[in-house]
4 protein chains.
Amino acid sequence: MTTTRAKATATDDTDRTDDVTIAYVGGGSRQWAPALIRDLALSDLNGNVRLYDANHESAERNARFGNWVQDREEAVADWSYDATETPAATLEGADVVVLSTQYDPTETFVHDLDIPKEYGIYGAVAATIGPGGIFRAMRTIPLYREFAAAIREHCPDAWVFNYTNPVTFATRALYDEYPDVNAIGLCHEVLGTRSCLARYAREHLDVDASREDVSVNVKGINHFTWVDEARCNGVDLWPLLEDLAEREEARQEFTAEDLEGESVFVDNWQVTWELFRRFGVLPAAGDRHLVEYATWFLQGGRETLNRWGVKRTGSDYRAKHWSPAESDQTTDVEAWMNGEREFSLESSNETFMDILTALTGDGTCVTNVNLPNEGQVSDLQSDAVVETNAVVRTDEVTPVAAGGFPRPVRGLVRGHVDTQETIVEASREGDLDAAFEGFLLDQQVRTLSPDDSRELFAELVAAQEPYLDGWNLEDSAVLAESSAYPGE
Amino acid sequence: MTTTRAKATATDDTDRTDDVTIAYVGGGSRQWAPALIRDLALSDLNGNVRLYDANHESAERNARFGNWVQDREEAVADWSYDATETPAATLEGADVVVLSTQYDPTETFVHDLDIPKEYGIYGAVAATIGPGGIFRAMRTIPLYREFAAAIREHCPDAWVFNYTNPVTFATRALYDEYPDVNAIGLCHEVLGTRSCLARYAREHLDVDASREDVSVNVKGINHFTWVDEARCNGVDLWPLLEDLAEREEARQEFTAEDLEGESVFVDNWQVTWELFRRFGVLPAAGDRHLVEYATWFLQGGRETLNRWGVKRTGSDYRAKHWSPAESDQTTDVEAWMNGEREFSLESSNETFMDILTALTGDGTCVTNVNLPNEGQVSDLQSDAVVETNAVVRTDEVTPVAAGGFPRPVRGLVRGHVDTQETIVEASREGDLDAAFEGFLLDQQVRTLSPDDSRELFAELVAAQEPYLDGWNLEDSAVLAESSAYPGE
Amino acid sequence: MTTTRAKATATDDTDRTDDVTIAYVGGGSRQWAPALIRDLALSDLNGNVRLYDANHESAERNARFGNWVQDREEAVADWSYDATETPAATLEGADVVVLSTQYDPTETFVHDLDIPKEYGIYGAVAATIGPGGIFRAMRTIPLYREFAAAIREHCPDAWVFNYTNPVTFATRALYDEYPDVNAIGLCHEVLGTRSCLARYAREHLDVDASREDVSVNVKGINHFTWVDEARCNGVDLWPLLEDLAEREEARQEFTAEDLEGESVFVDNWQVTWELFRRFGVLPAAGDRHLVEYATWFLQGGRETLNRWGVKRTGSDYRAKHWSPAESDQTTDVEAWMNGEREFSLESSNETFMDILTALTGDGTCVTNVNLPNEGQVSDLQSDAVVETNAVVRTDEVTPVAAGGFPRPVRGLVRGHVDTQETIVEASREGDLDAAFEGFLLDQQVRTLSPDDSRELFAELVAAQEPYLDGWNLEDSAVLAESSAYPGE
Amino acid sequence: MTTTRAKATATDDTDRTDDVTIAYVGGGSRQWAPALIRDLALSDLNGNVRLYDANHESAERNARFGNWVQDREEAVADWSYDATETPAATLEGADVVVLSTQYDPTETFVHDLDIPKEYGIYGAVAATIGPGGIFRAMRTIPLYREFAAAIREHCPDAWVFNYTNPVTFATRALYDEYPDVNAIGLCHEVLGTRSCLARYAREHLDVDASREDVSVNVKGINHFTWVDEARCNGVDLWPLLEDLAEREEARQEFTAEDLEGESVFVDNWQVTWELFRRFGVLPAAGDRHLVEYATWFLQGGRETLNRWGVKRTGSDYRAKHWSPAESDQTTDVEAWMNGEREFSLESSNETFMDILTALTGDGTCVTNVNLPNEGQVSDLQSDAVVETNAVVRTDEVTPVAAGGFPRPVRGLVRGHVDTQETIVEASREGDLDAAFEGFLLDQQVRTLSPDDSRELFAELVAAQEPYLDGWNLEDSAVLAESSAYPGE
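As the structure is a prediction and not an experimental result, all values here were calculated from the model. (Residues numbered from 1 in each chain as written. Chains lettered and ligands numbered in written order. Predicted model: local features only at pLDDT ≥ 70, side-chain atom pairs only at ≥ 80, totals over all residues. Heavy atoms only, no water.)

Asker: What's the story with the overall build of chain A in this structure? I'm lost.
Answerer: From N to C terminus, chain A includes 19 helices and 13 strands. Across its three principal axes, chain A shows a C-alpha extent of roughly 65 × 60 × 55 Å. When the 488 residues of chain A are sorted by exposure, 67% land in the buried category. Looking at chain A alone, contacts between residues at least 24 apart form 74% of all its contacts between residues at least 6 apart. Approximately 16,300 Å² of chain A is accessible, and the part contributed by carbon and sulfur atoms is 41%. On chain A, the mean spot of the 40 positive side-chain charges and the mean spot of the 88 negative ones are 5 Å from each other. (Helix = DSSP H or I, 4+ residues; strand = E, 2+ residues; numbered from the N terminus. Buried < 20%, exposed > 50% of the residue type's maximum accessible area, 1.4 Å probe, protein only. Contact = heavy atoms within 4.5 Å. Areas by Shrake-Rupley, 256 points an atom, 1.4 Å probe, with all protein chains shown as cover. Lys, Arg positive; Asp, Glu negative; His and termini not counted. Charge placed at Lys NZ, Arg CZ, Asp CG, Glu CD.)

Here's what the structure looks like:
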């Protein structure tokens, strides 16, 4: 087995802390960038941030905002911001790279949801897996191969943080293209589970606890991670969880009316509780993500989803609100800058700053990350990108040995890993027929007949053809057999 | 890894050939027993056959027939036949045991097909996997644990041939209960594939060939085996297969009308060709069996099945024709004995005699068998019952190292192995909730919502309760949650 | 794979910090106990320490000392000390158990060195592996099985720290007997390597650094661990190591005269450098320990050992200084208490306090520990006790995924694991002949002929017979064949 | 895992039987070639044999002899013989390739024995492993890479039979260079064990039995294979073996005098019995080969070897009798042809003809072969060349699944596989320092100090430099450090 653990192999920086260069690809973001800018201003680090975005104007806006924040009195750190014009200029010599972008337009994300729905597949988000998630991956992987190649050329030792969905596919593509990349995939879902467990501890154990007080042993693949140990300040939470799982609140049924007015992010933990009752381990991702992997909850369409307290991310929502970070909240930095809205410099609770601080030499941080498997999940194949806790220390991210799964859960997870690995392998040569094999394995697709599977695939290809540059459509037997793909 | 390879560990027989004792459990069969009797009469072996059947009368009829055959002039071997009254008396000191029986009545097999159909699951046979196959396994496993215990007591070194479906589950149960048993699971499907390949060789390569001339490298689980090498007298058949797969005959579509009048055993190889085109390896089982594992072909119900040339084994058929060997042909031995029908002593082409002959010291036989994995399929877990070729020699059956699968096929097979292993493990303590975890993993069940999955399971339990003796129904959380199971 | 990761499964203590009960088995120690007592007095924890020792008087002395220290003004924590009379009373309800004791007398440790020497085996320490180390293990394992059983009975959730050599065997015995034990094996060697790397960083990189600034990725088995990444405050030390390895100081040769007057603990890193040059990864244990595994350095006897800067722990040294912790320094606590020596309350730099502090809820600690493998070393078998870094947090010790080895090093390590696992498995039933199979595999023993191997084994058994209670000597074929064992 | 099972992938020969082209590289042999010629004359096959030898004259002599034999009346088959002048001409279009040659002169084989002896290593044969065996491998591997490349070019689908020692290294080199080669390594040792078991059966079980009646389950690496099941016509031989192992004849001790006058091939089975008693499985190779792997028997030099009934292959013997087949018997074909000696046409009992007959379509043959591991030995790494039984059928050689080893034996075998794989991997780039890592792992070398290990290696390189073409001597750090290698 080759070692794929993220590590810096040759750094001669004696003190990065004083001069960190951050390359932010997708830096025109309206949500995460403003938060990062404020966090940096309050940090112990100094340096320069290069913001790059396909929409250059948005990068410029955020650069202006970054420098404006630095002019506030409350800013304790020393950062400067520039909007850059090319990925190469952005990455050259960077210490840290943030990847949070996709180039394909909103309409493709609408296709991800709407076209499978025509075939009866009622995916909840289509951001991770399922036919929509797979096509999102197929559009994203070639771009992330390009990023990996550019990082190898311009900043081979940089720490790369990938926030882009599907996190597993995008992170895997980075390593597949450039095996020595120091990349980690990051996601908020496990943090959400820890917050939720802290709330249960407060409510039922009469303790004062927040997310930081809850530790979990977590493992799996992004958006389908599982917890088999959980403690709040050392107190084992398992007996509480087993008790709660049998209470009424863990056996609620919802209707469409109940959920009216709720955000698509609503999470009632009913999927979580049901899976916990069945398999004895606790899923650690939002219910809306879990259902895309644990596809029983999609059978019966909207009614079933709603019955478990989940709302579907409608394509209309996507059309309006789409951003790679899937936010429904954006920050109007112009309003702050022109005084329309009062500004106060407060830190977010993003783990990014915890990780960055630990990487640059200040303390130890334990948090969940996505990395190629080299033993941290003992019963998944090596090199597949898995999510577990990792220890972050100066210039080092090391996953912990999180063990394995009960057999039924292992079966579920392995099945999805097979799809992911098949797609990524197919992407090396852009072999569309090989990708279709992975598509066929997908649990959502397995509700279709062979003909419908092929037609759905072809229809998605037809709809998204301009954004599937890395794939060889011409020689595809699947497309040739299909009627949904018009051909030349 | 403990060695589970079938082997005789202590035999002091100097010459079994002259005095073989065969214990035939299920010996009242109307199809296979008469064939065996004729084969034995023409063999080089001599001995005694004990016929045991829950229906004692049928065993007595076959014993009479056996002795009647021995009185024919053409009978070259010396065999005697007895109908026995208990399994113990049947097994005591036997050299060879044939298991081909199930005790549960016809109605249970009808449930296996009809109850899932109410939930939209259009299983084709329900003999192997899927909700019906799993329940058939759940009824059968406890009985085969009893057989294993009796074999350990009465004939620990005997060679045990299991023909009972689901072959994987029944054979696995024998080994799980008595790890030193010398049991092999036998099935005709791979032989059928070889016959079919011989036909293709005759038709397209202009050679004279029969099943014996075709050799394959085969691996998988019973009814879901895959061939990745095939030769006819040394000539590689792969180029021919790749050619045929693209011809019109391999791309036929059928309607219900097309299939009218066809037997439920009709096999048009359309499922086979489609899977071959997709995955590059050739499935080696009847299409009606393949679809239960490759469940895309069940989606869309009867129309889809028929479109691929497959007919469903209707419950009416089951009600009329049910026998453990699933035959639609029975042999009227009375008619032979009373002269109503002319009798001629001819051998069948059953591999049983080939295997028995090789085991008793006459030559080497290579054929497909089901055995616990100890490396013969390199990428499935050890101890799972897998089907590959094996070499049969004097008192020895050794599987060949058949290698692994392309990743997508490995993913399909592993998923089913997870179900099988989960059910068998659950059966040790009769843990119904653990069995339900395996049920949930099943690909046919995954088209149901969580509630429907549970209700289908409970309804099957309720319908078959009298035949689920080995299972703990009282403490089951799944049943307690369900409305389909009446409770006490 | 069963999960063997150390963890607390059911603790209801809300705040251990205020009332920690420590059971110290071997608490009469003259070196480590006085250090612990001072560390505790300066800690943030409070509680009670029970000192147990086969030599009760020494435990009483340390209890007096402990309470005397608590009376000092400088003592900020609140601890009380008792000398206990039985293991049961010591362990009952304990939160923390320290195991640091062996019952067999000095003479056995002399045998470990002297008897193999008669056969030409010039072991350096005989504390870990080799014929002497194996017999030390064979005497120790049964005792540690007893401890494990007592812990299961009296304090099943306690954190158990094992310091007793051979650390691998003793820790493995605890888990083999009581798989749910929360035991970790601790050793100073890797800490010594980190200190040494810090010194190199100071000397050659002109930085101010101490052990805490050096982080390593370490893996292997106790006293035979290997580092493949090392950083000092984030600066990669590999280029420095590769440079140093080729300098004169890394290619020194020593004679007996050069080493005269040196302690047996002298460590010139010449073995370390040679192994690093050959295999490209850095061993992380004292040279005197490494040579027992990397047995080329023992061939040629004293001359070879000395040439590489290593002194043998002579049996005369053992006879005088023996203690389980192998100290050559003891602390005269009486002199402190009666005023003969001036006392000042200073903390040691033992990691025990760091671990204990983290376990009881104060911060995160990353340090090397010995634990059953569940993936942390990806190419060693599961359950073998391996040494890697682990993250210590509230009531939780989780090893990191440290990856695998280059093939030649993997071969070396696996060979020793085979010996260890064979001996531990043999100890379950006390099967002496099975233990001899492990003895034969040992690299030091492999320099002997079959007859000499057997006679050495028998002679060690004969000499240590009173301390081999757990082993079945009567039925041993090896002893029966030997002339060195007198028999009845 | 890539499938490495030997197989023919594209043959369009409809009937090879009538026209087989055999390319015999090393065809000037005085022992095996004359036997082959007679066997072919009595076979059911016809064709042409091309004899190639570095010594062309010897090839011409055998060609004359071959054609002379065909002129005998008793010759039933139709074969013609040619002596060819280049490997290319020999291989072009061949159906079968026999490799049985080495180019390096006698003196190198003398070095293999004599130089290690100066360092106290008393290797018995130096043909397989140990310092001499490794150097023989290092000289042979580059040549076999050339053969593999030539086969790929001139006869990619041919069946390649390798008889050249070290069989494991040479066969592994063929596959490493050309993964699709249909090569099998062949050796007589397991056949010898079967013959010996047949003799025991005759002597102790009062049955008439020959080698063909004995079947074994065998596994390991060439010259270090192990049997864990043995039957004679179905009768389990294990009880007999366990009985014999405790008899006096299995506990004999020999002196040099006892062995005087014996051939170096003398085999008293005392090593075999001792290993069987210790580990419970039966080694299946000549004692003189076993001791090179089970190196306890070499410790103590000649006296120990002799005590176990083994004679060393002295270098004087080598100097006189060297041939790649290590024969001490040569056949004077000239004497036959000129009538000095009476000729009669009799077949040998070589398995080559059995295998060739089965491959060309006549029957099934089960015999031991060396092939890359793809599961046949379940606990050795994949791709390592292992020896097990295989089934030979028309154009197909499939190893059986032979299972794994008891842990101690697994440890022994794995250690040697690590050496072999390290050397073969090093040979890809000719990296001499990497090869030295494998050399250091060798059990015979491990009796040397680090300095002696290096000097022995360098001295062997110096002595054999002209025959180490494929290796990079210039950049070797090991040579640079040594005094035994003169440098430029």
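Don't stop here, the text continues.
Asker: Mind showing me how you'd approach the pairing of strand β7 (residues 214-221) of chain A here?
Answerer: Sheet faces and side chains relate simply in a regular strand, where the side chains alternate between the two faces. Residues and elements named next belong to chain A. Counting buried positions along β7 yields 8 of 8 residues, so the element is predominantly enclosed. Side chains Val214, Val216, Val218 and Gly220 project from β7 onto one buried face, and the interleaved Ser215, Asn217, Lys219 and Ile221 project onto a second face that is buried too. Note: β7 against strand β8 (residues 224-232), 8 bridges, orientation antiparallel. Opposite valine 218, over in β8, you have valine 227 as the bridge partner. Counting the residues that bridge the hairpin from β7 to β8 gives 2 residues, and of these histidine 223 lies at a positive phi of roughly 75 degrees. (Pairing = 2+ DSSP bridges.)

Asker: Please explain the state of the cysteines as it appears in this structure.
Answerer: Working definition: the covalent bond between the sulfur atoms of two cysteines is a disulfide. Residues and elements named next belong to chain C. Applying the stated criterion across every chain, the model contains 0 disulfides over all chains. Free of any disulfide, cysteine 232 has its nearest neighbouring cysteine sulfur in cysteine 196, separated by 13 Å. Relative accessible area serves as the criterion here: at 3%, cysteine 232 is assigned to the buried category. (Disulfide = S-S within 2.5 Å.)

Asker: Can you walk me through the confidence of the model for chain A in this structure?
Answerer: Predicted coordinates in areas of low pLDDT are best not read in detail. Residues and elements named next belong to chain A. Scored by pLDDT, chain A comes out at a mean of 92, with 94% of its residues at no less than 70. This model gives residues 1-16 a pLDDT under 50, and the stretch forms 49 contacts once residues within four places in sequence are excluded. Per-residue pLDDT stays below 50 along residues 323-328; that stretch engages in 18 contacts with residues further than four places along the chain or on separate chains. Scoring the predicted complex yields pTM 0.93 and, for the interface, ipTM 0.93. (pLDDT = per-residue confidence, 0-100.)

Asker: Even after reading the chapter, I still don't get the relation of the copies chain C and chain D, so can you show me in this structure?
Answerer: Each copy of the chain is related to the other by a rotation around an axis and a translation along that axis. Expressed as a screw transformation, the operator carrying chain C onto chain D has a rotation angle of 180 degrees and an axial translation of 0.0 Å, and the superposed copies differ by an RMSD of 0.0 Å. When the rotation and shift are considered jointly, the pair of chain copies conforms to a two-fold rotation axis. Among all residues of chain C, the one whose C-alpha sits closest to the rotation axis is Thr447(C), at a distance of 3.0 Å. Both copies present the same face, since 97% of the interface residues in chain C are matched by interface residues at the equivalent positions in chain D. (Least-squares fit on C-alpha atoms with pLDDT ≥ 70 in both.)

Asker: I'm lost on the packing of helix α17 (residues 432-441) of chain D against helix α18 (residues 450-464) of chain D in this one. Help?
Answerer: To characterise two packed helices, one gives the angle between the axes of the helices and the distance between these axes. Residues and elements named next belong to chain D. α18 packs onto α17 with a crossing angle of 125 degrees between their chain directions and a minimal axis gap of 11 Å. The orientation of α17 relative to α18 falls into the category oblique. Taken as a pair, α17 and α18 cross one another with a handedness that is right-handed. Contacts between α17 and α18 involve Leu432, Phe436, Phe439 and Leu440 on the former and, on the latter, Ser453, Arg454, Leu456, Phe457, Leu460 and Val461. Looking at the contact of α17 with α18 residue by residue, the classes come out as 8 nonpolar, 1 polar and 1 charged. (Axes fitted to C-alpha atoms, helices over the stretch in contact; angles between N-to-C directions. Parallel < 35°, antiparallel > 145°, perpendicular 65-115°, else oblique. Left-handed = near helix turned anticlockwise from the far one by under 90°. Nonpolar A, V, L, I, M, F, W, Y, C, P; charged D, E, K, R; others polar.)

Asker: Looking at this structure, how should I read the packing of helix α4 (residues 106-118) of chain B against helix α5 (residues 130-154) of chain B?
Answerer: Residue and element names in this part refer to chain B. The interhelical angle for the contact between α4 and α5, taken along N-to-C directions, is 150 degrees, at an axis separation of 8 Å. When the axis of α4 is compared with that of α5, the two are roughly antiparallel. Where α4 crosses over α5, the handedness of that crossing is right-handed. On α5, the residues that touch Thr108, Phe109, Asp112 and Pro116 of α4 are Pro131, Gly132, Phe135, Arg136 and Arg139.

Asker: Whenever I open this one, the interface of chain C and chain D confuses me. Can you help?
Answerer: You'll often see interface size given as the accessible area lost when the parts meet. On the chain D side, the residues contacting the 39 residues of chain C number 38 residues. Both faces combined, the contact of chain C with chain D buries some 3,500 Å², and carbon together with sulfur accounts for 49% of it. Broken down residue by residue, the surface that chain C buries against chain D is led by Arg278(C), Trp296(C) and Arg407(C), which jointly contribute 22%. Linking chain C with chain D are 10 salt bridges, by the criterion used here. Note that Asp418(C) and Arg410(D) form a salt bridge whose closest N and O atoms lie 3.8 Å from each other. (Buried area = accessible area lost by both parts, 1.4 Å probe. Salt bridge = Lys/Arg side-chain N within 4 Å of Asp/Glu carboxyl O.)

Asker: In this structure, what is going on with the pairing of strand β7 (residues 214-221) of chain B? I would like to understand it.
Answerer: Here β7(B) pairs with strand β12 (residues 385-393) of chain B via 2 bridges, running antiparallel. Bridge assignment links Lys219(B) to a residue of β12(B), and that residue is Thr388(B).

Asker: When you look at the packing of aromatic side chains in this model, what are you seeing that I'm missing?
Answerer: The description of an aromatic ring pair uses the distance of the two centres, along with the angle that the planes make with each other. The final tally for this structure, using the stated rule, is 96 aromatic pairs over all chains. Arranged with centres 5.0 Å apart and planes meeting at 70 degrees, the rings of Phe439(A) and Phe457(A) form a pair that is edge-to-face. Taken together, the residues span a long stretch of sequence, with Phe439(A) in helix α17 (residues 432-441) and Phe457(A) in helix α18 (residues 450-464) at a distance of 18 residues. Residues Phe439(A) and Phe457(A) agree in their burial class; the two are buried. We note Arg312(B) situated over the ring of Tyr122(B); from NZ or CZ to the ring centre the distance is 4.9 Å. When the ring centre of Trp308(C) is taken as origin, the NZ or CZ atom of Arg307(C), which lies over that ring, is 3.6 Å away. (Phe/Tyr/Trp six-rings, centres within 6.5 Å; stacked < 30°, edge-to-face > 60°. Lys NZ or Arg CZ within 6 Å of the ring centre and 35° of its normal.)

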